[in-house]
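Report on the structure
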Amino acid sequence: MNLLLFFRQQRCYNIKSSVIEKKRGILPEKGEFKILKKFVVRGGRPLVGEVTVSGAKNAAVAILPATILAGGKCVLENLPNISDVATSVQILHAMGASIRMIDKSTLEIDTSRIVITEVPAEMSRQMRASYYFLGALLGRFGRGCVSMPGGCDLGPRPIDQHLKAFAALGAEFRVEYGTIHVRSDGLQAEHIFFDTVSVGATINAMLAAVKAEGLTILENVAKEPHIVDVANFLNTMGADVRGAGTDVIKIRGVKEMHGCNYSIIPDQIEAGSYMVAAAITRGNVLIRNVIPKHLEPITAKLERAGATVEEYDDAVRVYCVGDIEPLNIKTMPHPGFPTDMQPLMAVLLSTAKGTSIITEGIWDNRFRYVDELIRMGANIQVDGRVAVIEGVPALQPAPVRATDLRAGAALVVAALAADGVSEIEEIGHIERGYEDLVGKLRGLGADIKRIETPEKQLRQAL
Ligand code: EPU
């Protein structure tokens, strides 16, 4: 569900009945059939033109729960219209926040009347970032509970470092029947050294520590652009967070926070996805609303692969005319090469003139898409966290299935490069993180459409 649909559904919300619940899409109609959604792409043409990047998903899904700490009105601009954002907004609404849509990417969120400190299980399971509600609820109310989060299956995704931080700040937690409960009678500052660099644990610790008494020091933290964005948002709400973007973050707890206006940074990975799409299709694309500094690890690899990247103040132009050169890439926490770009680079390197090696440094199981790419003619051998890619002259069209969000985007890019018609199924993964992918690609001259087929109709046709 996207944000516009969420607000359309809210219009029927005042009439309380299960009929309305069904209209909101929460309760399925009796005998309702699943809708099968797919992208159909006729590839083989260069992408040319301009595209505007939306707000960063991984900042937005942390900043939305963080509005709870304001206990007042926040106006958030540059929110991406994606289903993970819609889910976060739904959760806030279900907990008692009032939400007003100002324009397609701006919401006013008033969290002053939140009384519920439990995230509805069916919503929290739809995405990974629902765990940020724990830190925000703990900071404001001293308690919260969230069902074990869902999200992309990239191998084991433990949250021990989140819980370690909460415990260090004086909270108790228990996991019961798949739900995490946290509680504290007053958070106290602490010096916390994370055992592993974690984006989620760094943000969750910040969300709780802004209200802890004293000076919290977080060491061995993540440094991604969205960590800095969340810290800036917290400071705009009255928090005192310093050092975000370095290895050590210092947080002096404050008693009160307040509402604010804030604009979310552009999405580094969405921008990177269009950069790769421009290069592999031998196109020429101006990608607007980006922070070129955030793209440096991606730019460096694309240039080594033979693409040209021109940087402007808030845009980059990518084009590529010659062959793709093979590369070795190891994904690492920022400022290393981002793991979320790994499947996209694998697609690009599948057409390189030679052998490339990609080593996944973050997740145990982020090569599940490789079988799908092999269907498209790629020559890739995976051994654990290492993929050896022998470049082939061209990718072939095929029916494929998105195995997770970035893998899905990578398959769309592969389909854009393959001469002929490909179909990508299970696009719900992709729609969790890419705003209007079809519209934006069509604006660049791509031949792509989104098709919805009720399963019933599909079965009758078979
Ligand atoms: N880890 C632990 N214990 C923890 C937390 C993490 O061992 O308590 C390990 C993980 O198993 C992993 C590593 O630490 O090996 C890094 O995990 P991290 O916590 O940084 O990942 P995350 O916060 O769950 C976010 C993004 C991911 C992105 C990673 C790494 C969000 C909502 N998700 O996940 O984004 O891959 O950071 O940059 O911010 C995506 O957008 O497609 C996506 C999967």
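Residues numbered from 1 in each chain as written. Predicted model: local features only at pLDDT ≥ 70, side-chain atom pairs only at ≥ 80, totals over all residues. Heavy atoms only, no water.

Notes on the packing of aromatic side chains
Inspection of every chain in the model, using the stated rule, returns three aromatic pairs. Centre to centre, the rings of tyrosine 131 and tyrosine 132 are 4.9 Å apart; their planes meet at 80°, and the pair counts as edge-to-face. By the burial criterion, tyrosine 131 is buried, and tyrosine 132 matches it. Look at phenylalanine 233 and tyrosine 262: their rings are 5.4 Å apart centre to centre, the planes differ by 65°, and that puts the pair in the edge-to-face class. One end of the pair, phenylalanine 233, is in helix H9 (residues 225–236); the other, tyrosine 262, is in strand S13 (residues 261–263), with 29 residues separating them in the sequence. Here the two residues phenylalanine 233 and tyrosine 262 agree in accessibility, since each one is buried. (Phe/Tyr/Trp six-rings, centres within 6.5 Å; stacked < 30°, edge-to-face > 60°. Buried < 20%, exposed > 50% of the residue type's maximum accessible area, 1.4 Å probe, protein only. Helix = DSSP H or I, 4+ residues; strand = E, 2+ residues; numbered from the N terminus.)

Let's talk about the sheet that holds strand S2 (residues 48–52)
Read from one edge of the open sheet, four strands run S2-S14-S16-S15, paired in mixed fashion. Unpaired on one side and paired on the other, S2 and strand S15 (308–311) mark the two borders of the sheet. Adjacent strand axes in the sheet meet at a mean angle of 15°, parallel and antiparallel pairs treated alike. Bridge count between S2 and strand S14 (residues 284–288): five bridges; the pairing is parallel. (Pairing = 2+ DSSP bridges. Axes fitted to C-alpha atoms, helices over the stretch in contact; angles between N-to-C directions.)

Section: the sheet that holds strand S10 (residues 215–219)
Reading across the sheet, the four strands line up as S9-S10-S12-S11 and stay open at both edges, with mixed pairing between neighbours. Each edge of the open sheet is held by one strand with a lone partner, namely strand S9 (191–193) and strand S11 (240–242). When strand polarity is set aside, the average angle formed by the axes of neighbouring strands in this sheet is 15°.

What about unusual backbone geometry?
Backbone torsion omega between histidine 334 and proline 335 reads 10°, so that peptide bond is classified as cis. Relative to the helices and strands, proline 335 resides in the loop between strand S17 (328–330) and helix H12 (342–349). Positioned with a positive phi, tyrosine 177 is a non-glycine residue whose angle comes to about 50°. A positive phi is found at aspartate 436, a non-glycine position, where the angle reads about 45°. The topology assignment puts aspartate 436 in the loop between helix H15 (428–431) and helix H16 (437–443). In this structure aspartate 436 comes out as partly exposed when scored by relative accessible area, which is 49%.

Considerations on helix H14 (residues 405–417)
With 13 residues, H14 extends 19 Å between its outermost C-alpha atoms, agreeing within 8% with the 18 Å of an ideal straight helix rising 1.5 Å per residue. Taken residue by residue, H14 has Leu405, Arg406, Ala407, Gly408, Ala409, Ala410, Leu411, Val412, Val413, Ala414, Ala415 and Leu416 as its buried positions. Looking at where H14 begins, the residue whose side-chain oxygen comes 3.2 Å from the main-chain nitrogen of arginine 406 is aspartate 404. (Expected span 1.5 Å × (residues − 1). Polar contact = N/O pair within 3.5 Å; in protein donor to acceptor, adjacent residues only side chain to side chain.)

Everything listed here is a matter of coordinates, which is why it stays silent on function.
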